[in-house]
Every structure is written in structure tokens, then in C-alpha cells.
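Working through the structure, step by step
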Amino acid sequence: MNSKAIRLILIGVASYAVLAFSLIAFYPDKPENMDWQDREEYNKVQISKLELGITRAEVMALLGTPDITEAKMQDSREIQVMFYRTQHVRADGMTTQDECTPLLFENEALIAWGDGAYQTYLSS
């Protein structure tokens, strides 16, 4: 091969590498921009990393806006439940609570997550 063809190939490979790096660096994957299947997998991974006591703002920074949310005052405590889609149940185009993992917050701090925690919350 002649040196001109090799130079063009190297320029092409370098250009591709710069473009790929730029896309990864400047356009990070955000939960809001994912399709529902990618979002479910992303939510599962991120929920598995949660620790009790982190704030609602930290959870929202990690997971984005919840799919469903509910809140109530109980005595002098603010209780909020945020639902993030983590499993597919029906192909109806709607996200329902049974397709989500609930995260329970008391006064802005994560106190529990999962269906068992949500059922305990409902019965209290």
C-alpha cells in the first residue's frame, strides 16, 4: 500500500475516535432520554446501589423523575413514595405500580424500598 492510503486510513480512524469520545463525553445517557427497556435496566442497576438515608434529591439525580409518585403527612412526618419502572408486566403503553419498584422517603430521607416495604407502609 502506498503512504497516501495509509495516511487516509489513519485520519479516518482518528476522526472516528474523536467523534466517539465526544459523543460519550458531551452527551451522557440520561434516564429521561432512554427507551423504556433501557430505562428499566438502568433503574434496576441504580436501585441496587442505593443506601438507606440518602436524600430524595440524590435519588432523583441518580434515577431522574419517578414514573409515579404519592405523598402524605403522617403525624408530623412527610412520607413520599416514588415508583421507578423496573419490570414489564403488560404491553399496554402505560406504566403501572406493579411494574415499578417503590422507594419510600420519610422527611426527604430514603427509609426503605421494594414491594414489602410499600405493603407495610400501606397497612400503617
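Residues numbered from 1 in each chain as written. Predicted model: local features only at pLDDT ≥ 70, side-chain atom pairs only at ≥ 80, totals over all residues. Heavy atoms only, no water.

Labelled according to an unreviewed UniProt entry, the protein appears under the name Cell envelope protein SmpA, originating from Alteromonas lipolytica.

**Things to note about the sheet that holds strand β3 (residues 100-106)**
Taken in spatial order, the four strands of this open sheet run β1-β2-β3-β4, and their pairing is antiparallel. Because the sheet does not close on itself, it has two edges, and the strands there are β1 (68-74) and β4 (109-113). Sheet twist, expressed as the average angle between the axes of neighbouring strands with direction ignored, equals 25°. Sitting on the sheet, helix α3 (residues 56-63) is in contact with β2 (77-85) and β3, with an inclination near 10° to β2. Across the sheet, helix α4 (residues 115-123) lies against β1, β2, β3 and β4, angled at about 55° from β3, the strand it touches most. (Pairing = 2+ DSSP bridges. Helix = DSSP H or I, 4+ residues; strand = E, 2+ residues; numbered from the N terminus. Axes fitted to C-alpha atoms, helices over the stretch in contact; angles between N-to-C directions. Contact = heavy atoms within 4.5 Å.)

**So, unusual backbone geometry**
Residues other than glycine seldom take positive phi values, yet Asn107 does so here, at roughly 50°. Tracing the backbone through its elements, the reader meets Asn107 in the loop between β3 and β4. Here the phi dihedral of Glu108 falls at roughly 75°; this positive angle occurs in a residue that is not glycine. Its location among the elements puts Glu108 in the loop between β3 and β4. A residue is classified by how much of its surface remains accessible, and Glu108, at 32% relative accessible area, is partly exposed. (Buried < 20%, exposed > 50% of the residue type's maximum accessible area, 1.4 Å probe, protein only.)

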